[in-house]
Amino acid sequence: DIVMTQTPLSLSVTPGQPASISCKSTQSLLHRNGKTYLYWYLQKPGQSPQLLIYEVSSRFSGVPDRFSGSGSGTDFTLKISRVEAEDVGVYYCMQGINLPRTFGQGTKVEIK
Amino acid sequence: EVQLLESGGGLVQTGGSLRLSCAASGFTFSSYAMTWVRQAPGKGVEWVSSLTDSGGTTHYADSVKGRFTISRDNPKNTLYLQMNSLRAEDTAIYYCAKLYASSPGGSDFWGQGTLVTVSS
């Protein structure tokens, strides 16, 4: 199984400041079709996870442009350019190239 | 608007069975692969099972293989998860999720979940 490792596991951010989360996979997520199947989800308190980013860097419909994803192969990053109060929750990366789908441990983001 | 509504969770004894349902609306259910994912209390997210749009192909996590069965009734727009021989470690919120057509490695919408508690 592909292991997904996120760092840090928690983050306390001042509103308006940037935040960054790293995600590393034990195998390349680059498919032979040229696409890289790395996803980012946000689980807000008391809610189910919601899709933020698909295929490394594409924002899902309605996701603010302060969220951006980057990376390739096995190393990926989610960046929030200016954190807002509504961004609190747990962020998960997930690989979608192999079964079983596997998630990172989650990064809890809170506001200072 | 896409809606996924899970039901069927509850308290069950170790070794018992439950059947979860996920009622889908707001999209053409029969055209999408579907997934069950779970989250133990205070823990991370674990993929459980997936099946294709027709239901003809299914996949399971090793932790549930041989005990859980995923299925669907396309005319009823409903996804199911039959869970047998339940163990304490199966205690979790179970979410159904719809495959994202634009990027089929992931899911774009998740339900609000149903809680399964397995206790002796």
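What counts, and at which threshold
- Residues numbered from 1 in each chain as written.
- Chains lettered and ligands numbered in written order.
- Predicted model: local features only at pLDDT ≥ 70, side-chain atom pairs only at ≥ 80, totals over all residues.
- Heavy atoms only, no water.
- Contact = heavy atoms within 4.5 Å.
- Buried area = accessible area lost by both parts, 1.4 Å probe.
- Salt bridge = Lys/Arg side-chain N within 4 Å of Asp/Glu carboxyl O.
- Polar contact = N/O pair within 3.5 Å; in protein donor to acceptor, adjacent residues only side chain to side chain.
- Helix = DSSP H or I, 4+ residues; strand = E, 2+ residues; numbered from the N terminus.
- Nonpolar A, V, L, I, M, F, W, Y, C, P; charged D, E, K, R; others polar.
- Pairing = 2+ DSSP bridges.
- Axes fitted to C-alpha atoms, helices over the stretch in contact; angles between N-to-C directions.
- Disulfide = S-S within 2.5 Å.
- Buried < 20%, exposed > 50% of the residue type's maximum accessible area, 1.4 Å probe, protein only.

Q: Got a sec to walk through the interface of chain B and chain A? Specific residues and values, please.
A: Facing the 20 residues of chain B at the interface are 19 residues of chain A. A combined buried area of about 1,600 Å² lies between chain B and chain A, and 59% of that area is made up of carbon and sulfur atoms. The three residues of chain B that bury the most area against chain A are B:Trp47, B:Gly105 and B:Trp110, which together make up 32% of that side's buried surface. Linking chain B to chain A there are 0 salt bridges. Counting across the chain B and chain A interface gives 11 residue pairs in polar contact (both at pLDDT 80 or more). Of all the secondary-structure elements, those providing two or more residues to the side of chain B that touches chain A are β4 (34-39), β5 (45-51) and β10 (107-110) of chain B. Broken down by element, the residue count for the side of chain B that touches chain A peaks at 4 residues, all from β10(B). Here the residues of the side of chain B that touches chain A sort into 8 nonpolar, 10 polar and 2 charged.

Q: Give me the lowdown on the sheet that holds strand β3 (residues 18-25) of chain B, citing residues and values where you can.
A: Residue and element names in this part refer to chain B. Taken in spatial order, the 4 strands of this open sheet run β1-β3-β8-β7, and their pairing is antiparallel. One side of each edge strand has no neighbouring strand; the edge strands of this open sheet are β1 (3-7) and β7 (68-73). Averaged over neighbouring strand pairs, the angle between their axes works out to 15° when direction is ignored.

Q: Describe the sheet that holds strand β3 (residues 19-25) of chain A, naming the residues involved and giving the relevant values.
A: All names here are of chain A. What the 4 strands build is an open sheet, ordered β1-β3-β8-β7; its pairing is antiparallel. Bordering the open sheet on either side are β1 (4-7) and β7 (67-72), each of which pairs with just one other strand. With direction set aside, neighbouring strand axes in the sheet form an average angle of 20°. Examined bridge by bridge, β7 and strand β8 (residues 75-80) share 6 bridges and lie antiparallel to one another. Bridge pairing links Phe 67 to Ile 80 in β8.

Q: Describe in detail the state of the cysteines, supporting the description with residues and values.
A: Residues and elements named next belong to chain A. Using the criterion set out here, one finds 2 disulfides over all chains in the structure. A sulfur-sulfur distance of 2.1 Å marks the disulfide that ties Cys 23 to Cys 93. Across the disulfide from Cys 23 to Cys 93, rotation about the S-S bond amounts to roughly 75°, and the bridge is consequently right-handed. Of this pair, Cys 23 sits in strand β3 while Cys 93 sits in strand β9 (residues 89-95), placing them 70 residues apart in sequence. The buried category is assigned to Cys 93, whose relative accessible area is 0%.

Q: Lay out the pairing of β3(A) with the relevant residues and their values.
A: All names here are of chain A. Burial of β3 is extensive: 5 of the 7 residues sit out of reach of the surface. Pairing analysis gives 4 bridges linking β1 to β3, with the strands arranged antiparallel. Directly across from Met 4, in β3, lies its bridge partner Ser 25. Sheet topology places β3 next to β8; 6 bridges connect them, and they run antiparallel. The residue bridging Ser 20 from the neighbouring strand is Lys 79, located in β8.

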